Amino acid sequence: MKILVTGGAGFIGSNFVRYWAEKYPGDEIRVLDKLTYAGHKENLSGVKFEFIQGDICDKEIVAKAMIGIDVVVHFAAESHVDRSIMGPDVFLQTNVLGTLALLQAALNEKVKLLHHISTDEVFGALPLDKPNIKFNEETPYHPHSPYSASKASSDMLVRAWNTTYGLPITITNTSNNYGPYQDPEKLIPRFITNLIEGKKVPLMGRGENVRDWIHVDDHCSAVDLIIRLALENDGLIGQTFCVGGNSERTNYQVTKRLLEIFGKDESWIEPIEHRLGHDARYAIDSSHIKKVLGWEPKHTFEEGLAKTVEWYKNNGWWWKALKENRPLIDPSEQKKLKK
């Protein structure tokens, strides 16, 4: 089989490419990536694959990348909420128009399946005082940020190309991923690398916001299972699956656990302002994918977090250059946009 992975040099995409190459060494992997601040070929060192550098908004490049492809796994996206608040235009271009270009090319090439990677943020936010309520496949979309609005739009396009043109698709809406090769501007790698460097961790508010965390390897295994079964069973075509890690934690709890791993106390927390429109809680109900496909995450949060800390400790060559060459987003800068 020949598989195209868009955004395959990014965080989740590169972990998926590594996962697929190891599990299916006979398959041919083609990676299409623009190599922005979040995509690095170094993420794929040691992996055998064909690489095409290009923007998914470029129809000619996308058409070239699609030639001979059986399955497309679409990770390519602008994905940082803070960046979407500061500059939403590129999020609409990449996440909406880029997805459109990919859908058209996949339809023209008659691919067997296009799997679209989405997020739980398209559903909006959940109340902190109702822990039994979670997002599921029937939850209405109610995005709050430019990022989540752009992903919601791309989800709708993917579904439309299935119902209107018959393009075989599947979709996953996943909770917060963590693991190796995640950019240090995101919460967990930012806190880990700060603590390695002897710096305080910038926690928004009191850390009361809740997220469901999933180790990236568990996410990859879910996508793998969906793809394999959808190729065998037409009944799965057009379906969406919510994929979570069953690991809800407040940001404070995540911070506290990291401080414990590093043997530090709460004096290492530096409170900062919340981002604009900071959603209170995300939580995924994964019961549908468990019932239909038999999937569930293998990593506990504590186990996965400890493995992630060790990876960053052992791979300073990877993340130090990123932090040195690019300033991280300061949420306080967003306040100026409201004036």
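Residues numbered from 1 in each chain as written. Predicted model: local features only at pLDDT ≥ 70, side-chain atom pairs only at ≥ 80, totals over all residues. Heavy atoms only, no water.

Visitor: What should I look at first to understand the sheet that holds strand S7 (residues 176–178) in this one?
Guide: Paired through backbone hydrogen bonds, the strands of a sheet run either parallel or antiparallel to each other. Across the sheet, which stays open at both edges, the three strands sit in the order S7-S9-S11 with mixed pairing between neighbours. Looking at the sheet topology across the chains shown, the edges are occupied by S7 and strand S11 (248–250). Strand-to-strand twist of the sheet, defined as the mean angle between neighbouring strand axes without regard to direction, takes the value 50 degrees. The pairing of strand S9 (residues 210–215) with S11 spans three bridges and is antiparallel. Note on S11: the bridge partner recorded for Asp212 is Glu248. (Pairing = 2+ DSSP bridges. Helix = DSSP H or I, 4+ residues; strand = E, 2+ residues; numbered from the N terminus. Axes fitted to C-alpha atoms, helices over the stretch in contact; angles between N-to-C directions.)

Visitor: Help me understand the nonpolar core, please; the structure alone is not making it clear to me.
Guide: Among soluble globular proteins, nonpolar side chains are generally buried collectively. The biggest cluster of nonpolar side chains holds 34 residues, and the ones touching the most others in it are Ile3, Phe16, Val73, Ile227 and Ile289. Contributing elements (two or more residues each) for this core: strand S1 (2–6), helix H1 (11–23), strand S2 (28–33), strand S4 (71–74), strand S5 (113–119), helix H7 (216–232), strand S10 (240–243) and helix H9 (287–293). Dropping the residues within four chain positions of it, Val73 is found in contact with Ile3, Leu4, Val5, Thr6, Phe16, His115, Ile117, Val223 and Ile227. Counting 23 residues, the second largest nonpolar core, distinct from the first, contains Ile56, Met66, Ala106 and Ile171. (Core = buried A, V, L, I, M, F, W, Y, C linked by side-chain atoms within 4.5 Å. Buried < 20%, exposed > 50% of the residue type's maximum accessible area, 1.4 Å probe, protein only. Contact = heavy atoms within 4.5 Å.)

Visitor: I keep staring at the packing of aromatic side chains and nothing clicks. Help me out?
Guide: In this description, a pair of aromatic rings is defined by centroid distance and the angle of the planes. Here the structure, examined in full by the defined rule, presents 17 aromatic pairs. Judged by centre distance (5.4 Å) and plane angle (85 degrees), the rings of Phe123 and Tyr141 are edge-to-face. Remark: Tyr141 occurs in the loop between S5 and helix H5 (146–165) and Phe123 occurs in the loop between S5 and H5; sequence separation between them is 18 residues. Note on Trp213 and Phe301: the rings are 6.4 Å apart at their centroids and 40 degrees apart in plane angle, and the pair reads as tilted. Of the two residues, Trp213 sits in strand S9 while Phe301 sits in helix H10 (residues 301–314), which places them 88 residues apart along the sequence. The burial state of Trp213 is the same as that of Phe301; both residues are buried. Following the ring pairs from residue to residue traces out a cluster consisting of Phe16, Trp20, Tyr24 and Phe75. Here the basic side chain of Arg211 rests over the ring of Tyr282, its NZ or CZ set 3.9 Å away from the ring centre. (Phe/Tyr/Trp six-rings, centres within 6.5 Å; stacked < 30°, edge-to-face > 60°. Lys NZ or Arg CZ within 6 Å of the ring centre and 35° of its normal.)

Nothing here speaks to function; it is geometry throughout.
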